[in-house]
Amino acid sequence: MDTSTGSDTAAAQAFVADRLNADFAGTGLAEVHFQVDAAWTGTPGDDLILVAGGHEFPLAVEGRGVERACAFAAYQLQSDAMSDLNRPWPEVATSQGKTVGVLLAPAEVRGIAVWELAGEPFCAVGHLHKAVEAAGLHIK
């Protein structure tokens, strides 16, 4: 298995991986990276695989696919984080410890991949920790 070498695809992979790694830092999940594995999908051209620890799934990042890739991967990885932590994640709270809610990463995106709080956009995927801090909150 190789990492894609096309400059556009490599840049898109790095962009998606950086955003996901920023948000899932501290969860215990392995860092995200990409591999090319034609045997995984069996479909030429659909062989880009996101790998995060033991979790692997195909993602398309070409063209405008980076936001869809960020959204779908964040959705999948959020489930992994909650399973590993055995609790909702990311649960945000005030400085006094009062829970505000659990941010959700919707699998589908119409524009920018975001984390939502109570059905409303909270921040873009890749900015979770800084946005929580800027809102005067913390992740439990």
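Below, the structure is looked at part by part.

## Some remarks on the side chain of E67
Phase 1: With respect to the helices, strands and loops of the structure, E67 is situated in helix 3 (residues 65-85).
Phase 2: Overall, the relative accessible area of 13% leaves E67 in the buried class.
Phase 3: When residues no more than four places from it in sequence are discounted, the contact partners of E67 are F15, R19, V109, G111, I112 and A113.

## A few points about the packing of aromatic side chains
Phase 1: Under the counting rule described, the total for this entry stands at three aromatic pairs.
Phase 2: Between F24 and W115 the ring centres are 5.9 Å apart and the planes differ by 50°, which places this aromatic pair in the tilted class. Note that F24 is positioned in helix 1 (residues 7-24) and W115 in strand 6 (residues 114-117), a separation of 91 residues in sequence.
Phase 3: Residue F24 is classed as buried on the basis of its relative accessible area, which comes to 6%.
Phase 4: For W115, a relative accessible area of 0% gives the class buried.
Phase 5: Plain terms: the ring middles of W89 and W115 are 5.9 Å apart, the flat faces sit at 85° to each other, and that makes the pair edge-to-face. Separated by 26 residues along the polypeptide, W89 in the loop between helix 3 and strand 4 (91-93) and W115 in strand 6 bring together distant segments of the chain. The burial state of W89 is the same as that of W115; both residues are buried.

## A word on the environment of L59
Phase 1: Note that L59 resides in the loop between strand 3 (55-58) and helix 3.
Phase 2: Looking at L59, the relative accessible area reads 9%, which means it is buried.
Phase 3: Separated by ten residues in the primary sequence, L59 and I49 place their C-alpha atoms 6.0 Å from one another.

The rules behind each value
- Residues numbered from 1 in each chain as written.
- Predicted model: local features only at pLDDT ≥ 70, side-chain atom pairs only at ≥ 80, totals over all residues.
- Heavy atoms only, no water.
- Helix = DSSP H or I, 4+ residues; strand = E, 2+ residues; numbered from the N terminus.
- Buried < 20%, exposed > 50% of the residue type's maximum accessible area, 1.4 Å probe, protein only.
- Contact = heavy atoms within 4.5 Å.
- Phe/Tyr/Trp six-rings, centres within 6.5 Å; stacked < 30°, edge-to-face > 60°.

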